[in-house]
Structures are given as C-alpha cells and as structure tokens.
Amino acid sequence: MINLNSENYLKGFLVDEELMAGITPHREQPGVFIAFVLKHTTGEYLSYQPFSDLESALQTMNQIQRPWSFESLSGCGGGGCNSQGTCSKGSSCHQK
C-alpha cells in the first residue's frame, strides 16, 4: 500500500478507481493542514478535515485502507517554481 509522508504529500495524491485523497496546507491558516477524500469522477467531497499538525493528518490519511497508487503532480507541482515563475525541472510554471 502506498502512503503519504512528509516528503511526498505536496507532490501528488493518492488515487484508485473511485477516489482521490491528499493533504494540503490551509491557505489562510498557517500550521493547519487539510486532509481530504473526494470522488474524482464527480468532485464530491467525502471527507474534509483540518488538522493542527502534519503528522496527525498523515496518520489519519494512511489509515484509509484502499488500493491506492500515488499520482504525481506534473511539471513543477509541489512548489518547484522559483520567484521568476520558472520551473527548476524545465517545465512551465504559473506565477500567482
């Protein structure tokens, strides 16, 4: 079984035939992490839970027993863009 960890949670998602799951930092509340599970065919959230620390979010997500595979974000996903908006991997980036 594939698990999320502190090194890969920003670089992709867990997916199977029916669901997608991941963890993301809260945009407006530093230090808060959102764990989510959704149906990727409909976009319907099945679970959306904030955690005050990354370890708790990872532990909760990794308890979900599914035949997950890890789907990596393409290009510079996970923060690979530099301040000029270029990608350290040679792919394109979009400035915010």
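Conventions adopted
Residues numbered from 1 in each chain as written. Predicted model: local features only at pLDDT ≥ 70, side-chain atom pairs only at ≥ 80, totals over all residues. Heavy atoms only, no water. pLDDT = per-residue confidence, 0-100. Helix = DSSP H or I, 4+ residues; strand = E, 2+ residues; numbered from the N terminus. Contact = heavy atoms within 4.5 Å. Buried < 20%, exposed > 50% of the residue type's maximum accessible area, 1.4 Å probe, protein only. Pairing = 2+ DSSP bridges. Arc of directions from axis to C-beta. Polar contact = N/O pair within 3.5 Å; in protein donor to acceptor, adjacent residues only side chain to side chain.

Let us now look at the confidence of the model for the chain. Taken residue by residue, the chain gives an average pLDDT of 82. The fraction at 70 or more is 75%. Between the elements of the chain, mean pLDDT differs from a low of 86, seen in strand β5 (residues 69-72), to a high of 97, seen in strand β3 (residues 33-39). Counting contacts from residues 89-96, a segment whose pLDDT is below 50, to residues more than four positions away or on other chains yields 12 contacts.

Counted residue by residue, β3 has 6 buried out of 7 residues, so it is predominantly covered. Relative to β3, strand β2 (residues 19-25) runs antiparallel, the two sharing 7 bridges. Bridge assignment links Leu19 to a residue of β3, and that residue is Lys39.

In this section: helix α1 (residues 54-62). All of the buried residues along α1 are Leu54, Ala57, Leu58, Met61 and Asn62. Take α1 and look down its axis: the buried residues cluster within an arc of 120 degrees, on one side only. Exposed side of α1, more than 90 degrees from the buried face: Glu55 and Gln59 are the residues found there. Lining the buried residues of α1 we find β2, β3 and β4 (45-51). With a side-chain oxygen lying 3.4 Å from the backbone nitrogen of Glu55, the N-terminal cap of α1 falls on Asp53.

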